[in-house]
Amino acid sequence: MKSFFAALFSVVLVGISGCASVQMKEASLIKSPGEQKAIVNVVRTSIFFGDGKSIDIWDGSTFVGSLDPGHIIQIEVTPGKHVFTADYDGHSIAAGVLVAGKQYFIKSNIIPGPFGGHIVLGVAKLNDKRPPEWTRTLKPVAAPENERNEVELEKKSDVQKILAKYESGKISAFSTI
């Protein structure tokens, strides 16, 4: 019986742990978007379940970085249509048409499951009171370009398949920015 619990603990530990696709670096917080740009803030608060595993974040087929608990990734983008995906034992999508001069907040939510969890991206509404706290308390990080490029080359075809399913309407559950 003791060995059963030791094996079960090992499986659970592997399921909740993981390592970042890239080694994220500390970054400066972008307070407002540049001229003719929008800022997308992808946030991940710290919770117990799923804290050990990184979430890969993509803007279309461009790899942005790996998001760990207690961190925020800020992406300065050109206005227009964007489809953000997150990968954590499955994919989640947040999509919309972004406007210059605005900031958007996407929150990663880990939903527990029997053998791990899955990701759901949620979008903070205009009247949401949490974004000021997120920008004050979460640590801004960014991925070094060379490491981003490596991950992008390795995983781009998988992400493009997810984007194709979304564009064809085969993925109907997503958050609207």
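Preceding this section is the structure that the text describes.
Going along each chain's sequence as written, the residues are numbered from 1 onward. Totals for whole chains, interfaces and linings use every residue, but because this is a predicted model, local features are given only for residues with pLDDT of at least 70 and side-chain atom pairs only at 80 or more, for both listing and counting. Computation of side-chain values: all heavy atoms of the structure, hydrogens and water removed.

Trainee: So what exactly am I meant to see when it comes to the overall build of the protein here?
Mentor: In DSSP terms, a helix is any run of H or I states spanning at least four residues, a strand is any run of E spanning at least two, and both are numbered starting from the N terminus. Secondary structure assignment for the protein yields 3 helices and 11 strands. A burial count over the protein gives 41% of its 177 residues as buried. Intrachain contacts of the protein at a sequence separation of at least 6 include 72% that bridge at least 24 residues. Values of accessible area rely on a 1.4 Å probe in the Shrake-Rupley scheme; residue burial ignores everything except the protein chains shown. Of the roughly 10000 Å² that the protein leaves accessible, carbon and sulfur atoms contribute 58%. Remark: exposure states derive from per-residue accessible area (1.4 Å probe, protein chains only) relative to the maximum for the residue type, with buried under 20%, exposed over 50%, and partly exposed in between. When checking whether two residues touch, look at their non-hydrogen atoms; a contact exists if any pair is within 4.5 Å.

Trainee: Sorry if this is basic, but what is going on with the environment of Phe-84 here?
Mentor: Tracing the sequence through the fold places Phe-84 in strand S6 (residues 80–87). Sequence separation between Phe-84 and Val-40 is 44 residues, and the spatial gap between their C-alpha atoms is 9.7 Å.

Trainee: I keep staring at helix H3 (residues 145–167) and nothing clicks. Help me out?
Mentor: Residues lying three or four places apart along an α-helix face the same way, a consequence of the helix completing one turn every 3.6 residues. The span you would expect from a helix comes to 1.5 Å times its residue count less one. Between the first and last C-alpha of H3 there are merely 28 Å, a value that for 23 residues lags more than 12% behind the 33 Å anticipated at 1.5 Å per step. Two axes define the bend at a residue: one fitted to the seven residues ending there, one fitted to the seven starting there, and the bend is the angle between them. Of all the bends found along H3, the most pronounced is centred on Lys-155 and spans about 60°. For H3, the complete set of buried residues consists of Val-151, Glu-152, Val-159, Ile-162, Leu-163 and Tyr-166. Check the buried side of H3 and you find it contacts strand S3 (55–59), strand S4 (62–67), S6 and strand S7 (91–98). Where H3 terminates, the next one or two residues include Gly-169, which has phi positive at roughly 90°.

Trainee: Quick question: what am I supposed to make of the pairing of strand S8 (residues 103–113) here?
Mentor: Residues in a regular strand project their side chains so that they alternate between the two faces of the sheet. Relative to S8, strand S2 (residues 38–44) is paired through 5 bridges, and the arrangement is parallel. The partner of Ile-39 across the bridge, within S8, is Gln-103. A pair of strands is considered paired only if DSSP assigns at least 2 bridges between the two. In the sheet, S8 pairs with strand S9 (residues 116–123) via 8 bridges, with the strands oriented antiparallel. Paired with Ile-111 across the bridge in S9 is His-118. Counting the residues between successive antiparallel strands, the hairpin from S8 to S9 contains 2 residues.

Trainee: Would you mind going over unusual backbone geometry with me for this structure?
Mentor: In terms of backbone geometry, most residues other than glycine have negative phi values and most peptide bonds are trans. Within the chain, Gln-36 stands out as a residue other than glycine whose phi angle is a positive 60°. With a phi angle near 50°, Asp-89 is a residue other than glycine that sits in the positive phi range. Since its relative accessible area comes to 43%, Asp-89 is described here as partly exposed.

Trainee: I tried to follow the pattern of salt bridges on my own but got confused; where do I start?
Mentor: Opposite charge on two side chains makes pairing possible when the charged atoms of those side chains draw close. The salt bridge definition used is simple: a Lys or Arg side-chain nitrogen within 4 Å of an Asp or Glu carboxyl oxygen. Applying the stated criterion across every chain, the model contains 5 salt bridges. Here Lys-53 makes a salt bridge to Asp-89, at a shortest N to O gap of 2.3 Å. Here Lys-53 is found in the loop between S2 and S3, whereas its partner Asp-89 is found in the loop between S6 and S7, with 36 residues between them in sequence. A salt bridge links Lys-155 to Asp-56; its shortest N-O distance comes to 2.9 Å. Of the two residues, Lys-155 sits in helix H3 while Asp-56 sits in strand S3, which places them 99 residues apart along the sequence.

Trainee: Just to check I follow, could you spell out the environment of Val-64 for this structure?
Mentor: When you line up the elements, Val-64 lands in strand S4. In the structure, Val-64 is positioned 11 residues away from Ile-75 in sequence and 7.7 Å away in space, judged by C-alpha atoms. Contact partners of Val-64, with chain neighbours within four places excluded, come to Ile-57, Trp-58, Asp-59, Ile-73, Ile-75, Ala-143 and Arg-148.

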